[in-house]
Amino acid sequence: MKIKTFIHKNKLLFSFLIFLFCFALFLMVFLRIDIDYFWHYKTGEFMVSHGEILTKDVFSWSLYHASWISHEWLFEILLYGLDVVFGKFHLFIYVFLVVLGLLFFLFFVQRREYLKNIPFALLWTIFFALIFVGLSGRPQLLSFLFLAICVFLVFHYFYHPDSKSIFILPFISLLWSNIHGGSSNLPYLLCLIAMVCGLFSFSSTKIEARQLNKKQILTYLVVSCFCMLAICINPHGVTMLFYPYQNMADNLMLSTIAEWQPSNLNHLSHYVYFLFALLVLFVFIFSKKKVRFIDLIFYLIFLYLGLKSIRFWFFGYIVCSFFIFYYIPKRKLDAHVCSLILVFSLGLVLIFCKGFSYSKVLNEKTLSDDAIFVLKEENPKRLFNYYDYGAYLIYQNIPVFIDGRADLYSKYNYKDYQKISRLSYRFPQLISKYNFDYFLVPRKSGLSSYLKEDGSYVLIYHDDTCNIFKTK
């Protein structure tokens, strides 16, 4: 009876939890194997089988044994370990559990705010799917979860100065720097941003700032320093502290990697990002409450990052999730709202059952089995391959010219690869420079047409996707 009474009193809470679970299932319809998955998996396999953490490249012929900052090494071991334990279902288990954990965390830490206005809560959750980029087995998923925990801890301490939970941040930084070091600078940056926001106290018609006490300011500063120290505890040491900034300053990678592209109204798919930014702005403007200075600053910072690179929009979504509901007015609970939520949830489950095929996910390949067979038979020593093929070649134990580890190649042959693949000025000299013995290129590419016309190469394989040429 007590359980039934508890469930009845919290019927709305349980209905929304069921919705979130079903929503996470629905998102799995979009699960895909990202091309980087293959080299992540192979890296984890190599490290487990050899009992060492990779700090040098072992997968390419072009940069064999060159220094490599394997900033995701712990994730790669985790990914391989999940495969050992769960077999072919490891990818689904990883993605589903992390996505569900993120949805549950965002909801639980402020469930009262979510449940005070169900229509907006549903709209906000739908935006989760609309701006989610890269639903695949990548370490970024864990970074999203780490960010959510960090933002909660930073905001919680801002309004609860007696809380000690802020000191968890250095431990998260330690874990983050070894799982996905490329974004592990965020914990200490969040602390510093909150600290700066807390230096001011003012109130205007629409904006108000709350000044922190000296203890809070000092605590934020100390925690940020400990976070920096924690980041340095990894196989690459203090290098990891500067690694994210080096990547963000690499104009070559910024201009060529899709998820690092700036937001652009010329791309229809980017419109959802601008809609999201406008939604938050409209909430600020039309709310009857004054806008808290710290909320505004966090919004503007992540708005800037999102405009600079689309990969940051979901970071912005997570950050805004911790203050957006503060400005949303309470709405009277509609009749049968719980039933409607459950019906909606059932619809999501039906879509999942009809649209999800895990076998299809597992069978996603960038190259056919026949193409791989030919390459293994030919055993190229200096293969030229397109960027998108590199990870799957590594997965098949074929040495590559380049692959998804753009940070490794950026200072060496990445620029030359771009010139060759785009047939830029004097690209034949670059082909001669590397003395390629085989070429693996997309069937409908300019380079493929060039190789067909040039008498120095012979086509030894072709399919609907790629052509393989051999140097005479």
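Preceding block: the structure.
Residues numbered from 1 in each chain as written. Predicted model: local features only at pLDDT ≥ 70, side-chain atom pairs only at ≥ 80, totals over all residues. Heavy atoms only, no water.

S.K.: Is there a simple way to think about the overall build of the protein in this case?
M.R.: A count of helices and strands for the protein gives 24 helices and seven strands. Against the 2.2 N^0.38 benchmark of 23 Å for 472 residues, the protein shows a C-alpha radius of gyration of 25 Å, consistent with a compact globule. Across its three principal axes, the protein shows a C-alpha extent of roughly 75 × 50 × 45 Å. For the protein, the residues scored as buried account for 54% of the 472 residues in total. Long-range pairs, those at least 24 residues apart, make up 73% of the contacts in the protein between residues at least 6 apart in sequence. As displayed, the protein has an accessible area near 22,200 Å², and 64% of this comes from carbon and sulfur atoms. Averaging the positions of the 44 positive and the 29 negative side-chain charges in the protein gives two centres separated by 14 Å. (Helix = DSSP H or I, 4+ residues; strand = E, 2+ residues; numbered from the N terminus. Rg over C-alpha atoms; globule rule 2.2 N^0.38 Å. Buried < 20%, exposed > 50% of the residue type's maximum accessible area, 1.4 Å probe, protein only. Contact = heavy atoms within 4.5 Å. Areas by Shrake-Rupley, 256 points an atom, 1.4 Å probe, with all protein chains shown as cover. Lys, Arg positive; Asp, Glu negative; His and termini not counted. Charge placed at Lys NZ, Arg CZ, Asp CG, Glu CD.)

S.K.: Just to check I follow, could you spell out helix H19 (residues 369-378) for this structure?
M.R.: Think of an α-helix as turning once every 3.6 residues; residues three or four places apart then point the same way. Inspection of H19 places Ala371, Ile372, Val374 and Leu375 among the buried residues, and these make up the whole buried set. With its buried residues spanning 160° around the axis, H19 presents them on a single face. Across from the buried face of H19, at angles greater than 90 degrees, the exposed residues are Asp370, Phe373 and Glu377. Those residues of H19 hidden inside the fold are in contact with strand S4 (383-385), helix H20 (390-395), strand S5 (438-442), strand S6 (457-462) and strand S7 (466-471). Just beyond H19, the residue with positive phi is Asn379, at close to 50°. (Arc of directions from axis to C-beta.)

S.K.: Sorry if this is basic, but what is going on with the layout of surface pockets here?
M.R.: One water molecule sets the probe size; rolling that probe over the atoms shows where empty space is left. Approximately 380 Å³ is the volume found for the second largest pocket. Looking at the second largest pocket, it is lined by 14 residues, and the ones nearest its centre are Gln110, Glu113, Tyr159, Arg292 and Phe322. Take the lining of the second largest pocket: its biggest share by element is four residues, from helix H8 (residues 140-159). Class assignment of the residues belonging to the lining of the second largest pocket gives a composition of nine nonpolar, three polar and two charged. (1 Å grid on protein atoms, 1.4 Å probe; cavity = no way out; pocket = protein on both sides within 12 Å on 5 of 7 lines; lining within 4 Å. Points joined across faces, edges and corners; volume = space filled by probe spheres on them. Nonpolar A, V, L, I, M, F, W, Y, C, P; charged D, E, K, R; others polar.)

S.K.: Please clarify how the environment of Leu142 should be interpreted in this entry.
M.R.: Structurally, the position occupied by Leu142 is in helix H8. In the structure, Leu142 is positioned 132 residues away from Asn10 in sequence and 30 Å away in space, judged by C-alpha atoms.

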